[in-house]
2 protein chains.
Amino acid sequence: MTKNNFQKILVPLDGSKYSEKALDRACELVEAFDSTIILIYVVEKSIPVNLLDRKEYLELLRKFGNNILKRAKTKLSNKGINAKTFLKEGNISNEIEKIAKKENCNLIIMGNKGLGTVSRLLLGSVSNKVSQSSSCSVLIVK
Amino acid sequence: MTKNNFQKILVPLDGSKYSEKALDRACELVEAFDSTIILIYVVEKSIPVNLLDRKEYLELLRKFGNNILKRAKTKLSNKGINAKTFLKEGNISNEIEKIAKKENCNLIIMGNKGLGTVSRLLLGSVSNKVSQSSSCSVLIVK
């Protein structure tokens, strides 16, 4: 293979079993293609929480996201895989696409569903949005 | 790896450069995971063609589909990969899902866009539909 099309893999995590499964598939590809792996957790800022609670809520999400990333990094480290991690804030699919572009990822691997809010369910799943608008390939894990 | 999650791969072809790219990615996974590959071409029957032309049109599509499958099979064969092929008729995403289920596929690899008709563009792309409703993982190649 002169060019490796699975060289740089981005895995968005949200703490759900679906993103856990996506991480497992990513590990298999990393082992087969000697890929680089990047993990991202996005603190969703568009959730309607009133202003008084908002700060506390976002702080909780940041803590949660950091734990998710730390746990995943340890899981990969035990397999001898080193991962770069990002904690971002904003719109989930936008932040995923931004990092994918900035880091020149070849592939995004994500779960089919996640810990969706009602508004997200109504708007369509994040994986659906990312797979339509991302400029790199997307593996939706079921 | 005790269980291979890329064991059986289905690649829907439509003669577009996008499905050609999907086939290339499939080859890379087949070589890495020693997967089985299945190719499918679906003659779309829902295209509005008047009854007089319809028979001739479908006959053309069948011929086109058979050529696409034959060419892809030869391409794979040159890499030492053996592929099972299916020519089906009906609704494209339905037929893809039916074969994926019947053949117990782990993964469907498809191009992001294809030789879409106007009605298909309005309804959303086939890959979009398949990735939402399929019970197995879907890799959308860009």
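Residues numbered from 1 in each chain as written. Chains lettered and ligands numbered in written order. Predicted model: local features only at pLDDT ≥ 70, side-chain atom pairs only at ≥ 80, totals over all residues.

1. What to know about the overall build of chain A
Assigned secondary structure in chain A consists of five helices and five strands. For chain A, the N- to C-terminal ordering of α and β elements is β-α-β-α-β-α-β-α-α-β. Every one of the 142 residues in chain A was classed for burial, and the buried ones make up 40%. Nonlocal contacts in chain A, meaning residues at least 24 apart in sequence, comprise 76% of its contacts between residues at least 6 apart. (Helix = DSSP H or I, 4+ residues; strand = E, 2+ residues; numbered from the N terminus. Buried ≥ 20, exposed ≤ 12 C-beta atoms within 10 Å, placed from the backbone. Contact = placed C-beta atoms within 7 Å.)

2. Details of the interface of chain A and chain B
The interface of chain A with chain B comprises 17 residues on the first partner and 17 residues on the second. Where the side of chain A that touches chain B is concerned, the elements lending two or more residues are helix 1 (17-33), helix 5 (126-133) and strand 5 (137-141) of chain A. Per element, the largest residue contribution to the side of chain A that touches chain B is five residues, and it comes from strand 5 of chain A. Class assignment for the residues of the side of chain A that touches chain B results in eight nonpolar, six polar and three charged. Sheet topology note: the strand 5 of chain A/strand 5 (residues 137-141) of chain B ladder contains three bridges and is antiparallel. Residue pairing in the sheet places Val138(A) in a bridge with Ile140(B) of strand 5 of chain B. (Nonpolar A, V, L, I, M, F, W, Y, C, P; charged D, E, K, R; others polar. Pairing = 2+ DSSP bridges.)

3. Here we look at the nonpolar core
Within the largest apolar cluster, 78 residues are counted, with the highest numbers of intra-cluster contacts made by Ile9(A), Ile108(A), Ile9(B) and Ile108(B). When sequence neighbours within four positions are dropped, the list of residues in contact with Ile108(B) reads Leu10(B), Ile96(B), Ala100(B), Val130(B), Ser134(B), Cys136(B) and Val138(B). (Core = buried A, V, L, I, M, F, W, Y, C linked by C-beta atoms within 7 Å.)

4. Overview of unusual backbone geometry
All names here are of chain B. Positive phi is not limited to glycine here, since Asp34 has a value of about 55°. Relative to the helices and strands, Asp34 is located in the loop between helix 1 (17-33) and strand 2 (36-44). By C-beta crowding, Asp34 is classed as exposed, having 10 other C-beta atoms within 10 Å. Unusually for a residue other than glycine, Asn104 sits at a positive phi of about 50°.

5. Brief notes about the packing of helix 3 (residues 92-102) of chain B against helix 5 (residues 126-133) of chain B
For any two helices packed against each other, the geometry is given by the interaxial angle and the distance between the axes. All names here are of chain B. Following both chains from N to C, one finds helix 3 and helix 5 inclined at 40°, their axes separated by 9 Å at the closest point. Here helix 3 lies oblique to helix 5, going by the angle between them. For the element pair helix 3 and helix 5, the recorded crossing hand is right-handed. For the pair helix 3 and helix 5, the contacting residues are Ile92, Ser93, Ile96 and Glu97 in the first and Val126, Lys129, Val130 and Ser133 in the second. For the contact of helix 3 with helix 5, a count of residues per class yields four nonpolar, two polar and two charged. (Axes fitted to C-alpha atoms, helices over the stretch in contact; angles between N-to-C directions. Parallel < 35°, antiparallel > 145°, perpendicular 65-115°, else oblique. Left-handed = near helix turned anticlockwise from the far one by under 90°.)

6. Thoughts on the relation of the copies chain A and chain B
Mapping chain A onto chain B leaves a residual RMSD of 0.0 Å; the transformation is a rotation of 180° accompanied by 0.0 Å of translation along its axis. Taken together, the rotation angle and the small translation identify this as a two-fold axis. Residue Leu139(A) of chain A places its C-alpha closer to the rotation axis than any other residue of that unit, at 2.0 Å. Most of the interface of chain A is mirrored in chain B: 100% of its interface residues are interface residues there too. (Least-squares fit on C-alpha atoms with pLDDT ≥ 70 in both.)

7. Digging into the environment of Gly111(B)
Residue and element names in this part refer to chain B. Tracing the chain through its elements places Gly111 in strand 4 (residues 107-111). Once the C-alpha coordinates of Gly111 and Leu139 are considered, the two residues, 28 residues apart in sequence, prove to be 8.5 Å apart. Every residue in contact with Gly111, bar those within four places of it in the chain, is listed here: Ser16, Tyr18, Ser19, Lys21, Ala22, Ser127 and Val141.

8. Notes on helix 1 of chain B
All names here are of chain B. Between its first and last C-alpha, helix 1 extends 24 Å over 17 residues, near the 24 Å set by a 1.5 Å rise per residue. Residues Tyr18, Ser19, Ala22, Leu23, Arg25, Ala26, Cys27, Leu29 and Val30 constitute the buried set of helix 1. Looking one or two places after helix 1, you find Asp34, whose phi comes out positive at around 55°. (Expected span 1.5 Å × (residues − 1).)

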